[in-house]
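Coordinate inspection notes
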Amino acid sequence: MAVKCFSLYLILAAIVIGGVTSEYIEYNTKPRIVPEKINVHLVPHSHDDVGWLKTVDQYYVGSNNSIRGACVQNVLDSVIASLLDDENRKFIYVEMAFFQRWWRQQSNAKKVKVKKLVDSGQLEFINGGMCMHDEATPHYIDMIDQTTLGHQFIKTEFGQVPRVGWQIDPFGHSAVQAYLLGAEFGFDSLFFARIDYQDRAKRLREKTLEVIWQGSKSLGSSSQIFTGVFPRHYDPPEGFTFEINDVSAPIQDDPLLFDYNVQERVNDFVAAALAQVNVTRTNHIMWLMGTDFRYQYAYSWFRQIDKFIHYVNKDGRLNVLYSTPSIYTDAKYAANESWPLKTDDFFPYADKPNAYWTGYFTSRPAFKKYVRDLSGYYLAARQLEFLRGRDSSGPTTDMLADALAIAQHHDAVSGTQRQHVAADYALRLSMGYLQAEKLVASSLSFLSAAKSSTEKKNPGTKFQQCPLLNISYCPASEARLLSGKSLVVVVYNSLGWKREEVVRVPVSSENVIVKDASGKEVVFQLLPLSEIALRIRNEYVKAYLGRSPRDTAKHVLAFTASVPPLGFSSYVISDTGRTARGLSASYVTSGSMNQNVEVGQGNLKLRYSEEGVKITRHLSTKNQVTAEQSYAYYIGSNGTDKDPQASGAYVFRPDGVLPIKSKEEAQLTIVQGPLFDEVHQELNSWISQITRVYKGKNHAEIEFTIGPIPADDGISKEIITKLTTTMKTNGTFYTDSNGRDFIKRIRDFRTDWDLQVYQPVAGNYYPLNLGIYMQDKTSELSVLVDRAVGGSSLENGQIELMLHRRMQHDDIRGVGEILNETVCLPEGCKGLTIQGKFYVQIDKPGDGAKWRRTFGQEIYSPLLIAFTEQEGDSWINSHKTTFSAFEPSYSLPKNVALLTLQELENGEVLLRLAHLFEVGEDSEYSVMAKVELKKLFHNKKVRQKKTTLLLFVSLYVNKNNCRSVFNMF
């Protein structure tokens, strides 16, 4: 019986197979749009992080694969070969940092072929920046610069300009991205994946994943951009990923092989497409065919996509095509659909009820500050490079530009990378700084040389700079001045208006005086270096340089520098052999928190008592406002059995808050002098601060030192500072968007959906790059920051900032490493200590914008200081001691900022100006501004003026003469 059955089976098999052959199939993938059908746009892509788990170069060459098997070089090699095989295939590429590396290594013959792919639209550059920048923690100038750098490469090599914004992975999305890096950059559309899970659920129900986003109230409808949120992540629907080791079933269309499944897979495709149609308007939907570091073997993807297009189109229920976001955008525009209007932004982002991605607003605060400092330095260095004249044979700003561009990546300045990757970013920045430092020194030497001097051709002055001045280390200013020698201090101002600002440098002698270039003695203030400052100086100089400081600075010398716009002034520090007396002396006394201590100048006072630290300003005889400042820390959640979500590099999940109080008997050091008063306070062994008020200024400066945060108890700690007032703010406060527009926030509220509150602290945190403010009917309190941090107003009349974090657990978001930064010395490693500043001002309602905007520019662009020694007055008598690129007595209006002044490789000069104030922000400055170009630069000519948006103007200047005036709205 068994033998007969077996024989019958063979006969049936022969009948089935008989007449069926296996042969070459030419797949029809010619793209077309069919108006009466649902059109499925398949977009092949690979999301390639410019550093995260591996460094940017490790990702590119495919090294360190024990962490992750990713090689971008393989992606590009494989994709280009696949595109050349079939003219119907398409691919989009985003990260120019990688493509630039690949492009340099290609033969001229290969480059010709790739250019044809770009010209034909098979290969399209999307977004086009050096990286896909973060949207919470970068400053808008950095976002512009890194995007411009990538676009310049694309324009130079391919003659193309990207049309579409592609921010698919950042963890929330800013209004500045929408209007400034979107609509006003000339993009037709913007796409991304990550929005709050509650927001996504509502948009899926209401078919509002695609909107018109108006990011700027000042620019109105001109800032609108078509914006699409993906219905899931930035990968294909489940079952349609085809990397060589993926588990999705391929189409098996050879009838001689087992598991023939064409119709089954076509049905799967149609079902997934119809499900997406149900949440999308119009008959066009987009599938992202790829995800992180895919297409390393591109044939495995393109082979399956070819088959799906061929067989689904033969099936007839849908129309499927190779596409790009540009083609998809054109189809959406052609549909003539009405779209919902979106305003404000997409912060904060949560992917689960207890998982708000608001911790990264502060993660790696030292790295965030390093990026911000070098951003301001890069701005000044480019100006000096232009003023001297670009010389490609000498040091340039190019290396710093590349390093800063990569540092804007959404796993770089965000602080969400692994530690060895953070070190790699920092190394690149340091190398870029060293090149730019040489350029700055030579430029200052050139500009300060007398016209007849040989220094114009061969700059001879050897200027030194002090990149570790933030930890009171400056060999140039600390060196003992031998008999007859003095120290020349050249102070450069990169802003477009005159500044008078206190400069602080460490010195070894107390017998010093300061004079201006005319020989007139300048009022200065000499104060002792605190024990905490000396400890940090000694430890971190050793950590950074591998050696202890050679000289021992004992004092800080402070004096007021008066510097013209886009120019410099010179000062001379001399050792007189006698101790400073009279007006320049600082008076140092001691006190404690159980005493009533008051310092301050004018109507701004600092009061210390058992109740804490209070900042008080008298706005009028009947209006006195007090802000009490304090510290606390959130206990970072370790997760629970029910929900393992912990606080980590990305996620902020607090599990209680504990105050950090100063002991009543804790000693205060009070320093009073002609320029400022300050109080040194040590709260405990790992938190101290200096609160400072300046003569003639209405703000308080709080300089904090935090760390090492204790970790022995196994508790994650997230350090905050609070400012508490009696203001009646009704749950409302305002935070900046990447340092530009301020956005109104209301506690426990979202404009787009009814918020279900699960995390009342983390869910109300927002990113700050410039600052935060609140107001009521009688007063306004503003806080400005020196780097990206997280902040909120969790109670009426209160503002808080998160300053530092040290975690004990990973938050399970892919980085696979605990955020526990340490610094290692020969005697061992310990937790990272950070120093920083924030600034507080109290004003009448509506008056704070002037200070926020103008002083915010000074924070971003600090005075640049360089040093050189002279014998007698030899340098002062033989050099230009003051300089301004502007005509004498001219400066930019206080509502106009100089963002970019840069000589390009083709000899043109890029000048960017920005109006600083929003519509209705200030009664005096929210008006049209007039800039006189003839006075802005001597003997220059505006060859072409291109208005890129109403708040920004880009100009290309050559070096002969110039038209007279233009207006900014």
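Residues numbered from 1 in each chain as written. Predicted model: local features only at pLDDT ≥ 70, side-chain atom pairs only at ≥ 80, totals over all residues. Heavy atoms only, no water.

Let's shift gears to the domain arrangement of the protein chain. Domain assignment breaks the protein chain into domain 1 (39-127 + 162-346), domain 2 (587-860) and domain 3 (892-968). Here the C-alpha centre of domain 2 lies 41 Å away from the C-alpha centre of domain 1. With both sides pooled, the region where domain 1 packs onto domain 2 buries about 1400 Å², and carbon together with sulfur makes up 48% of that total. At the junction of domain 1 with domain 2, the criterion picks out 3 salt bridges. For Asp-752, the salt bridge identified is with Lys-342, shortest N-O distance 2.4 Å. Between domain 1 and domain 2 we count 12 residue pairs in polar contact (both at pLDDT 80 or more) in total. Of all the secondary structure elements, the ones that give two or more residues to the side of domain 1 that touches domain 2 are helix 7 (175-179) and helix 8 (197-206). (Domains from an automatic or database assignment. Buried area = accessible area lost by both parts, 1.4 Å probe. Salt bridge = Lys/Arg side-chain N within 4 Å of Asp/Glu carboxyl O. Polar contact = N/O pair within 3.5 Å; in protein donor to acceptor, adjacent residues only side chain to side chain. Helix = DSSP H or I, 4+ residues; strand = E, 2+ residues; numbered from the N terminus.)

So, on to the state of the cysteines. Applying the stated criterion across every chain yields a total of 2 disulfides. With its sulfur 2.0 Å from that of its partner, Cys-466 forms a disulfide with Cys-474. On the S-S bond that ties Cys-466 to Cys-474, the torsion sits near 55°, and the link is right-handed. The residues Cys-466 and Cys-474 share a single accessibility class, namely buried. Cys-824 shares a disulfide with Cys-829; S-S distance 1.9 Å. The chirality of the disulfide connecting Cys-824 with Cys-829 is right-handed, given an S-S dihedral of about 105°. For Cys-829, a relative accessible area of 51% puts it in the exposed group. Cysteine pairing for the protein chain, with bonded cysteines counted in sequence order: 1-2, 3-4. (Disulfide = S-S within 2.5 Å. Buried < 20%, exposed > 50% of the residue type's maximum accessible area, 1.4 Å probe, protein only.)

What follows deals with the side chain of Thr-282. Within the element layout of this structure, Thr-282 appears in the loop between helix 9 (262-277) and strand 8 (284-289). Reaching out from Thr-282, the side chain makes a polar contact with the side chain of Lys-332 at a distance of 2.9 Å. Excluding anything up to four places from it in sequence, Thr-282 contacts Lys-332, Ala-335, Glu-337 and Trp-339. (Contact = heavy atoms within 4.5 Å.)

This part takes up the packing of aromatic side chains. Using the criterion set out here, one finds 58 aromatic pairs in the structure. Put simply, the rings of Phe-91, Phe-240, Phe-242, Phe-269, Trp-287, Tyr-295, Trp-301, Phe-302, Phe-308 and Tyr-322 pair up and form one aromatic cluster. The ring of Tyr-633 carries the charged tip of Lys-717 above its face, separated from the ring centre by 5.8 Å. A cation sits over an aromatic face here: Arg-852 above Phe-742, 5.4 Å from the ring centre. (Phe/Tyr/Trp six-rings, centres within 6.5 Å; stacked < 30°, edge-to-face > 60°. Lys NZ or Arg CZ within 6 Å of the ring centre and 35° of its normal.)

Here the focus is the packing of helix 3 (residues 72-85) against helix 4 (residues 96-104). Each pair of packed helices can be described by the angle between their axes along with the distance between the axes. Taken N-terminus to C-terminus, the directions of helix 3 and helix 4 make an angle of 70°; their axes are 10 Å apart at the nearest point. Here helix 3 is positioned roughly perpendicular relative to helix 4, judged by the angle of their axes. Handedness of the helix 3/helix 4 crossing: right-handed. Residues Val-72, Gln-73, Leu-76, Asp-77 and Ile-80 of helix 3 pack against Phe-98, Phe-99 and Trp-102 of helix 4. (Axes fitted to C-alpha atoms, helices over the stretch in contact; angles between N-to-C directions. Parallel < 35°, antiparallel > 145°, perpendicular 65-115°, else oblique. Left-handed = near helix turned anticlockwise from the far one by under 90°.)

This part takes up the environment of Trp-301. With respect to the helices, strands and loops of the structure, Trp-301 is situated in helix 10 (residues 299-315). Trp-301 sits in the buried class, given a relative accessible area of 0%. Residues Trp-301 and Met-289, 12 residues apart in the sequence, show an inter-C-alpha distance of 8.2 Å. Residues in contact with Trp-301, not counting those within four places in the same chain, are Pro-236, Phe-240, Thr-241, Phe-242, Glu-243, Asp-246, Met-289, Gly-290, Arg-294 and Tyr-295.

A few words now on the sheet that holds strand 5 (residues 189-192). Across the sheet, which stays open at both edges, the 5 strands sit in the order 4-5-7-6-10 with mixed pairing between neighbours. Since the sheet does not close on itself, it has two edges, and those belong to strand 4 (164-166) and strand 10 (341-342), each with one partner. (Pairing = 2+ DSSP bridges.)

Take Glu-478: it is sitting in helix 15 (residues 475-478). Residues within four places of Glu-478 in sequence aside, it is in contact with Ser-472, Tyr-473, Pro-506, Val-507, Ser-508, Arg-537, Asp-551 and Ala-553.

Further remarks concern the pairing of strand 27 (residues 687-694). Burial analysis of strand 27 places 8 of its 8 residues in the buried class, which makes it a mostly covered element. Taken together, the 8 bridges between strand 26 (residues 676-684) and strand 27 define a ladder with antiparallel strand orientation. Bridge pairing links Glu-678 to Arg-692 in strand 27. Taken together, strand 26 and the strand that follows it, strand 27, pair antiparallel across an intervening segment of 2 residues. Alignment of strand 27 against strand 28 (residues 699-706), held across 7 bridges, turns out to be antiparallel. Note that in strand 28 the partner of Gln-689 across the bridge is Phe-704. Counting the residues between successive antiparallel strands, the hairpin from strand 27 to strand 28 contains 4 residues, one of them, Gly-696, with a positive phi of roughly 80°.

Spatially, 8-1-9 is the arrangement adopted by the 3 strands of the open sheet, whose pairing is parallel. Edge positions in the sheet fall to strand 8 and strand 9 (319-322), since each of these pairs with one other strand and no more. For this sheet the average axis-to-axis angle between neighbouring strands, irrespective of direction, equals 25°. For strand 1 (residues 39-44) and strand 9, the ladder comprises 4 bridges, and the chain directions are parallel. Residue pairing in the sheet places Val-40 in a bridge with Val-320 of strand 9. Strands in contact with helix 9 are strand 1, strand 8 and strand 9; relative to strand 8, the strand with the most contacts, it is inclined by about 120°.

Further remarks concern unusual backbone geometry. For the bond running from Phe-347 to Pro-348, omega is -10°, close enough to zero to count as cis. Structurally, Pro-348 can be placed in the loop between strand 10 and strand 11 (350-352). Residues Gly-707 and Pro-708 are joined by a peptide bond in cis, for which omega reads -10°. One can find Pro-708 in the loop between strand 28 and strand 29 (716-724). The phi dihedral of Arg-364 is positive, around 55°, even though this residue is not glycine. You can see Arg-364 is positioned in the loop between strand 12 (355-356) and helix 12 (365-388). In this structure, Leu-566 is a non-glycine residue whose phi angle is positive, near 45°. The topology assignment puts Leu-566 in the loop between strand 17 (555-563) and strand 18 (567-575).

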